[in-house]
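Listed here are the chains, written in short residue letters.
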Amino acid sequence: MIKVAFASDHAGFRLKERLKAYMKEKGYDVEDFGTFNEESCDYPDYAHPAALGVENGDCAFGITMCGTGNGITMTLNKHQGIRAALCWQPEIAALAKQHNNANILSLPARFISEEEAIRIVDAYLKAEYEGGRHQRRIDKISVK
Ligand code: RB5
C-alpha cells in the first residue's frame, strides 16, 4: 500500500482530516504527523516529522497544509530531500509533479474550499513527472 504523510497546523486541521479520509477511500495508507486538534500550534512541529517520513522513504509523498500554506512549505523545503510545492489550483499541482517532481503537495487551507482541495489533489495524483530537462534543473536545487 502506498503511504502518504499528512501534516498541518490548527488552521489546516479540518482540511487534513477531510483529505485523509479521501485518500483512504482511494486506497492509500495514511500516516498523520499531526496536529490532532484545532488548538493553536506551531506548523514546524509537524512539518519536520512529515518531511523526515518522506525523506526516509517510509512515505511515498506528502500532503500538508496551513492557513496560507506558506509557513509549512517553507519549513518542509529546509529538508534537502524535499520538494514541497504550494498549490492553489489544479494546473499548478499538475505542473508541480510534471516539472518539479514535487514530493509534498502543500495547500493554503484558509483560501481554498474542500472541493477545490480535492481537485488539486486529484491533479497532483494524475500527473506524471516528465524528467529530461526538468531533472537537470532539479539537480541544481540543493545547497551542498
Ligand atoms: C496560523 O494562524 C497561520 O499563521 C499559519 O497557518 C500559516 O498561514 C503560516 O504560514
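Residues numbered from 1 in each chain as written. Predicted model: local features only at pLDDT ≥ 70, side-chain atom pairs only at ≥ 80, totals over all residues. Heavy atoms only, no water.

Colleague: In this structure, what is going on with the packing of aromatic side chains? I would like to understand it.
Modeller: The description of an aromatic ring pair rests on the distance of the ring centres and on the angle between the ring planes. Tallying each qualifying case throughout the model produces two aromatic pairs. Judged by centre distance (6.0 Å) and plane angle (85°), the ring pair of Y28 and F61 falls under edge-to-face. Of the two residues, Y28 sits in the loop between α1 (13-25) and β2 (29-32) while F61 sits in strand β3 (residues 61-66), which places them 33 residues apart along the sequence. Classification of F61 by relative accessible area gives buried; the value is 10%. Three or more aromatic residues joined by ring pairs make a cluster, and in this case those are Y28, F61 and Y124. Here the basic side chain of K97 rests over the ring of Y124, its NZ or CZ set 4.3 Å away from the ring centre. (Phe/Tyr/Trp six-rings, centres within 6.5 Å; stacked < 30°, edge-to-face > 60°. Helix = DSSP H or I, 4+ residues; strand = E, 2+ residues; numbered from the N terminus. Buried < 20%, exposed > 50% of the residue type's maximum accessible area, 1.4 Å probe, protein only. Lys NZ or Arg CZ within 6 Å of the ring centre and 35° of its normal.)

Colleague: Hey, could you run me through the pattern of salt bridges in this one?
Modeller: Between side chains of opposite charge, a pair can form when the charged atoms approach closely. Throughout the structure, instances matching the rule amount to nine salt bridges. Linking E31 and K3 is a salt bridge whose minimum nitrogen-to-oxygen distance equals 3.1 Å. Of this pair, E31 sits in strand β2 while K3 sits in strand β1 (residues 3-8), and the two are 28 residues apart along the sequence. By relative accessible area, which is 25% here, E31 ends up partly exposed. E17 serves as the salt-bridge partner of K20, at 3.2 Å between the closest nitrogen and oxygen. Of this pair, K20 and E17 both sit in helix α1, three residues apart, roughly one helical turn. Judged by its relative accessible area of 10%, K20 falls in the buried class. (Salt bridge = Lys/Arg side-chain N within 4 Å of Asp/Glu carboxyl O.)

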